[in-house]
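# Chain and residue survey
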Amino acid sequence: MAIDQKELDERLQSLHRANELKQKALPYVKRKEQIPTGFQLKDDYHQFRDKILKTFQASPEDWENWHWQMKHRITDLNVLQELLPLTEQAAHDILQVGETYRWAISPYYLSLMDRTNPWDPIRLQGLPQIDELFDSSGEEDPMGEAFTNPAPCITRRYPDRLIINVTNRCAMYCRHCQRRRNIGEIDHHQTRNQLRTALDYIRANSEIRDVLITGGDALMLNDLTLDWLLGELHSIDHVEIKRIGTRVPVTLPMRITDELCSILAKYPPIYINTQFNHPKEVSEEAKKAADKLISAGVVLGNQAVLLKNINDTPDVMIRLNQELLKIRVRPYYIFHAKHVKGTHHFIPKIENGLEIMEKLRGFTSGLAIPTYIINAPDGLGKTPILPQYLLSLEEDEAILRTWEGKIIHYPNT
């Protein structure tokens, strides 16, 4: 069939535009190969896993047992040095920081670390750094949780939703943790009586339709307690949504057992938000955990924290969010790191976050674009921060900037 001149011109124009878009895509396609993912580290991971198992005289079956992982969290410098080469200075720093701030790393998360690179993003999140002791600018409680606490275990910042803080326990104590003031020296869960009081508060306030169970890490509760707590929330008519805040798909994916998933499946809808901060954390084990949760009807989202020298570049964040979509975890938020005492070395410039958002929009699918958030001090809530696309708004037209920087006039009629 003959193509008329109009169709030919349109096809040539389309080919020109397609090539223009391809040229925009190619630089990242080349650079992304320099950003490792957890799937690419399979051989290194298995070698390190086997070394850890040998040190603890354990079996591959032990490795898959989350109770074994928790019992063998690395909390001692001597044990860490058996497993991970450390310079004398690094060992001294860990020992010194440990006198002020608690640290613990699950064997699984340790196995993701690069054994030779001190700037490995996994090491930076898990190993104490001397910078933690030289930060006088941060606050113990930048979110003002002590002043948004109308009942035991409750944090309330919004009209229709609240948090139940159920434990201070985690599989790993992230060095950027916003609640490091709660870690203390002993793991403890809230008592049933405290949780009952929190539930009574929710029952008495019928505007509460969305409850987030968090900690610490909410999935550090045992199955029996989780079943009871979710069942109680599920029985409250005005509670429409149960959410769980957890990092175990990242730091302890073995916690996602068939037994746990059978409990979660009983109480829909359940949303789990986790915290993957770097593509190296998106591993085969993390995918298995995500698959199990999804099969149980759980909806998965990710709340990354924007961290200096870990993920504060567009390439790393694009790679992270694309890897997350591959395991069916939807990027939800990018949180600007909070000004928590001892974490100043993690806090990037807001300009870094805005640059990332500029490079996400248009360069990857909308599914891979979370909302960039700064948490307002003193518990005043989440504030979205966006690049400026609306340049002016008049009665008859808006002037917009596209993701490519092109200026357009759009009718406002």
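The notes below deal with the structure included here. (Residues numbered from 1 in each chain as written. Predicted model: local features only at pLDDT ≥ 70, side-chain atom pairs only at ≥ 80, totals over all residues. Heavy atoms only, no water.)

## Concerning the pairing of strand β4 (residues 241-245)
Put simply, the rule reads: Each residue is assigned to one of three classes by its accessible area relative to the maximum for its type, calculated with a 1.4 Å probe on protein chains only: buried under 20%, partly exposed between the two thresholds, exposed over 50%. Numbering of helices and strands runs from the N terminus; a helix is a DSSP stretch of H or I covering at least four residues, while a strand is a stretch of E covering at least two. Pairing between strands is defined by DSSP: at least two bridges between them are needed. Looking down the strands as they point away from you, a crossover is right-handed if its path from the first strand over the helix to the second goes clockwise.
β4 sits mainly inside the fold: 5 of its 5 residues count as buried. Alternating residues of β4 divide into Ile241, Arg243 and Gly245 and Lys242 and Ile244, and every residue in both groups is buried. Note: strand β3 (residues 210-214) against β4, 4 bridges, orientation parallel. Across the sheet, residue Leu212 finds its bridge partner in β4, namely Arg243. Where the polypeptide runs from β3 across helix α10 (residues 223-234) and back to β4, its parallel neighbour, the crossover connection is right-handed.

## Brief notes about the sheet that holds strand β12 (residues 407-411)
By definition, the strands of a sheet pair up through backbone hydrogen bonds, in either a parallel or an antiparallel sense. The criterion, for reference: Interaxial angles span 0 to 180 degrees and are taken between N-to-C directions of axes, which are lines fitted to C-alpha atoms, for helices over the stretch in contact.
Taken in spatial order, the 3 strands make up an open sheet running β10-β11-β12, and their pairing is antiparallel. The sheet is open, and its two edges are formed by β10 (390-393) and β12, each paired on a single side. Put simply, the sheet's adjacent strands are angled 20° from each other on average, direction ignored. Pairing analysis gives 3 bridges linking β10 to strand β11 (residues 397-401), with the strands arranged antiparallel.

## What about the sheet that holds β4?
Put simply, the rule is: Residue contacts are defined here by distance: any two heavy atoms, one from each residue, within 4.5 Å place the two residues in contact.
A sheet is described by the order of its strands in space; here 9 strands give the open sequence β1-β2-β3-β4-β5-β6-β7-β8-β9, paired in mixed fashion. Where the open sheet ends on each side, the last strands, each with one partner, are β1 (154-155) and β9 (381-384). Of the pairings in the sheet, the one linking strand β6 (residues 299-306) to strand β7 (residues 330-336) comprises 6 bridges and is parallel in character. What sits directly across from Asn302, in β7, is Pro331. On the sheet, helix α15 (residues 350-360) packs against β6, β7 and β8 (371-376) and is oriented at approximately 155° with respect to β8.

## Some points on the pattern of salt bridges
Put simply, the rule reads: Salt bridge, as used here: a side-chain nitrogen of Lys or Arg that lies within 4 Å of a carboxyl oxygen of Asp or Glu.
Taken as a whole, this structure holds 29 salt bridges when the rule is applied. Linking Glu132 and Arg175 is a salt bridge whose minimum nitrogen-to-oxygen distance equals 2.8 Å. On the criterion of sequence distance, the pair formed by Glu132 in the loop between α8 (121-126) and β1 and Arg175 in the loop between β2 (161-165) and α9 (192-204) is long-range, its members being 43 residues apart. With relative accessibility at 1%, the residue Glu132 sits in the buried group.

## Here we look at the environment of Ile385
Secondary-structure assignment places Ile385 in the loop between β9 and β10. Taking the C-alpha atoms as reference points, Ile385 and Ile374, 11 residues apart in sequence, are found 7.0 Å from one another.

## Topic: the packing of aromatic side chains
Here the distance between the centres and the angle between the planes together describe a pair of aromatic rings. Note the following rule: Between rings of Phe, Tyr and Trp, where Trp is taken as its six-membered ring, a pair exists when centres lie within 6.5 Å; planes separated by under 30 degrees are stacked, by over 60 edge-to-face, and by other angles tilted. Only Lys NZ and Arg CZ are tested; either one counts as a charge over a ring when it is within 6 Å of the ring centre and within 35 degrees of the ring normal.
This model, assessed by the stated rule, comprises 7 aromatic pairs. Judged by centre distance (4.0 Å) and plane angle (20°), the ring pair of Tyr332 and Tyr333 falls under stacked. When its relative accessible area of 31% is taken as the criterion, Tyr332 is described as partly exposed. A network of ring pairs unites the aromatic residues Tyr45, Phe56, Trp63, Trp68 and Tyr108 as a single cluster. The positively charged end of Arg161 is found above the aromatic ring belonging to Tyr158, 4.0 Å away from the centroid. Above the plane of the ring of Trp66 lies Arg255, whose end atom (NZ or CZ) is 4.2 Å from the centre.

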